[in-house]
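# Working through the structure, step by step
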Amino acid sequence: LVSREGGFCSRLRHKRERRVASTAGKGNRTGPAIEAGPGECACLVAVSQSGNPAARAWVISWQGGAGEGYTFEARMNNPMYKALLEWSLTQNDGTRPAAMDPKELDPEKKAFLERVMSEMVEDESATMLELVAKMHAKEDTEEEAEAKEDVLEHICDRVDRIDYAIALHAYGKGFLPAIHLIRDSKHEGVKSKAADLASLCMRNNPQLQQAALEDGGLATIFQAHQSPDNGPNCRAKLVGALSALVQNNKTAEAAFLASGGVEALRGDVAGISARLRLKALFMLQWLLRDSGPARRAAAGGLAGDLAQVLGGEGDDEAEYAAMCLESLARDGETRGGLDAPALRATVEQRLNKGAVGSGEAETAREALSRLLELLK
């Protein structure tokens, strides 16, 4: 909006022409200036003289004070836009009352509108309470277990923001029951979905991390992770829940380490499940980076397992393993436990064989290169 009497963008008022970016294509286009005298305003929507069919040029200006009407100049390459604009202005130009006086809806139309609104607008609070109630349903059959998995997945879709996760706990009373399902359910699918929900709620959420700790959630999740009754896919989900609970929470971290958490993750790294190994490596890379006690707990045999991962084919696995070893190499207390010559040979071999170094694997090459520099 431009005005000689102090409107916005006053720097435009004496310009005869402006160079403005075209709405389609590259480069600048020259358009005529828009000037406004006393009591006048002008609006520059877009200006283009490119001849490109995709470029729209609208210049709308009006003169006179309030109530004196508008004068429009519209340049566009689609006459339908101009017709729509002119029709809209004939209905109400904003300077005089609308032609049609508002009337109160008759009861029948009002009832119809209320019914439509109630059917189309969801009461999210009521829906959340309904879903939480279904979390407590029995799961004696496969069909009932699958129905509960769907419920948990539906809740996951609704708590993707931290305030929604807090509301699930404070209002819906549905967060802790998800952790209890990890302990009590007999179905791996239900446990996995419950772990997904718990992980989503606790990550970077100190309030729910504390609620889980007070409820014994760390022991519940850790015991389920260690149970031979749960397969590698379920255990991978449980590692994700442990990571969400422990990260950035010193109390949970100390309890996890005291329970033998690093040794448990080492078992996952040495296992045959690639998915579980990747989850464990991801947790280890930030845990060893942030925690001196964790590095000291890993100083035993973990380095050898990580070196074996470096020689594998997985780029993500190699990246996380290199980051773990980098943290151990930077710590003066743990560096001495590394076999630097053997590690250096492994890293050089991995970098030279070309399995890493292009596309999405570039970050793995960077991590390996940093580790190599530390080992020289």
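Keep in mind the model is a prediction, meaning the values are calculated, not measured. Along every chain, residues carry numbers that run from 1 in the direction the sequence is written. Local features in a predicted model are, by the rule used here, given only for residues with pLDDT of at least 70; side-chain atom pairs are given and counted only at 80 or more, and totals for whole chains, interfaces and linings are based on all residues. Remark: hydrogens and water are excluded; side-chain values derive from all non-hydrogen atoms of the structure.

On to the confidence of the model for the protein. Confidence scores per residue from the predictor, reported as pLDDT, run from 0 to 100. Across the protein, the average pLDDT comes to 80, with 74% of residues at 70 or higher. Pairs of residues are marked as contacts when any of their non-hydrogen atoms sit within 4.5 Å. Predicted confidence for residues 1-76 stays below pLDDT 50, and this span has 131 contacts to residues more than four positions away or in other chains.

What tends to happen in soluble globular proteins is that the nonpolar side chains get buried as a cluster. Definition used in this section: a nonpolar core is a set of buried Ala, Val, Leu, Ile, Met, Phe, Trp, Tyr and Cys residues joined via side-chain atoms within 4.5 Å. Three exposure classes are used, based on accessible area relative to the maximum for each residue type with a 1.4 Å probe and protein chains only: buried under 20%, partly exposed in between, and exposed over 50%. Ranked by size, the top nonpolar core spans 78 residues in total, and within it Ile-155, Phe-175, Leu-197, Leu-310 and Leu-325 carry the most contacts. Strands here are runs of E lasting at least two residues and helices are runs of H or I lasting at least four, both read from the DSSP assignment and numbered beginning at the N terminus. Broken down by element, this core gets its largest block of residues, nine residues, from helix α10 (residues 232-246). Not counting the four nearest positions on each side in its chain, Leu-325 is found in contact with Ala-303, Leu-306, Ala-307, Leu-310, Leu-338, Leu-343 and Leu-371.

Here we take up the packing of helix α5 (residues 162-170) against helix α8 (residues 206-214). With axes taken as lines fitted to C-alpha atoms, and helix axes fitted only over the stretch in contact, angles between N-to-C directions fall between 0 and 180 degrees. At a minimum axis distance of 10 Å, the contact between α5 and α8 shows a crossing angle of 35°. Here the hand of the crossing between α5 and α8 comes out left-handed. Contacts from Ala-165, Ile-166 and His-169 in α5 reach Gln-207, Leu-208 and Ala-211 in α8. Residue polarity is assigned by list, with Asp, Glu, Lys and Arg as charged and Ala, Val, Leu, Ile, Met, Phe, Trp, Tyr, Cys and Pro as nonpolar; anything else, Gly included, falls into the polar class. Class assignment for the residues of the contact of α5 with α8 results in four nonpolar, two polar and no charged. Crossings are assigned a handedness: left-handed for a near helix turned anticlockwise from the far helix by less than a right angle, right-handed for a clockwise turn.

Quick look at a negative patch on the surface now. Among the surface-exposed residues, Glu-142, Glu-143, Glu-146 and Asp-150 lie close enough to one another that they form a single negatively charged patch. Summarising the element assignment, Glu-143 is placed in helix α4 (residues 142-158). Looking at Glu-143, the relative accessible area reads 58%, which means it is exposed. What makes a patch is a set of residues exposed beyond 30% relative accessible area and free of salt bridges, joined within 9 Å when like-charged and within 5 Å when nonpolar (Val, Leu, Ile, Met, Phe, Trp, Tyr). Values of accessible area rely on a 1.4 Å probe in the Shrake-Rupley scheme; residue burial ignores everything except the protein chains shown. We count a salt bridge whenever a side-chain nitrogen from Lys or Arg sits within 4 Å of a carboxyl oxygen from Asp or Glu. As used throughout, the charge tally considers Lys and Arg to be positive and Asp and Glu to be negative, leaving His and the chain termini uncounted. A single reference atom marks each charge: NZ on Lys, CZ on Arg, CG on Asp, CD on Glu.

With that out of the way, let us pick up the environment of Val-262. Note on placement: Val-262 falls in helix α12 (residues 261-269). The sequence separation of Val-262 and Arg-295 amounts to 33 residues, and the corresponding C-alpha distance is 9.0 Å. Beyond its immediate sequence surroundings of up to four residues, Val-262 is in contact with Phe-256, Leu-257, Leu-287, Ala-294, Ala-297 and Ala-298.

Before going further, it helps to examine the packing of aromatic side chains. Two aromatic rings from Phe, Tyr or Trp, using only the six-membered ring of Trp, form a pair when their centres are within 6.5 Å; if the ring planes differ by under 30 degrees the pair is stacked, by over 60 it is edge-to-face, and anything between is tilted. Considering all chains together, one arrives at two aromatic pairs under this definition. Look at Phe-222 and Phe-256: their rings are 6.0 Å apart centre to centre, the planes differ by 90°, and that puts the pair in the edge-to-face class. Here Phe-222, found in helix α9 (residues 217-226), pairs with Phe-256, found in helix α11 (residues 250-258); they are 34 residues apart in sequence, far enough to count as distant. For Phe-256, a relative accessible area of 1% corresponds to the buried category. For the pair Phe-282 and Tyr-320, a centre-to-centre distance of 5.6 Å together with 70° between the ring planes defines the contact as edge-to-face. Residue Phe-282 is found in helix α13 (residues 274-290), and its partner Tyr-320 is found in helix α16 (residues 315-330); the two are separated by 38 residues along the sequence. Accessibility expressed as a relative area gives 34% for Phe-282, which makes it partly exposed. For a lysine, the NZ atom is tested; for an arginine, the CZ atom; a charge sits over a ring if that atom is within 6 Å of the ring centre and within 35 degrees of the ring normal. Above the ring of Tyr-164, the side-chain terminus of Arg-161 is found at 4.7 Å from the ring centroid.

What follows covers a nonpolar patch on the surface. A cluster of nonpolar side chains, Leu-105, Leu-113, Met-117, Met-120 and Val-121, forms an exposed patch at the surface whose accessible area comes to about 510 Å². Inspection of the secondary structure assignment puts Met-120 in helix α2 (residues 107-120). Overall, the relative accessible area of 67% leaves Met-120 in the exposed class.

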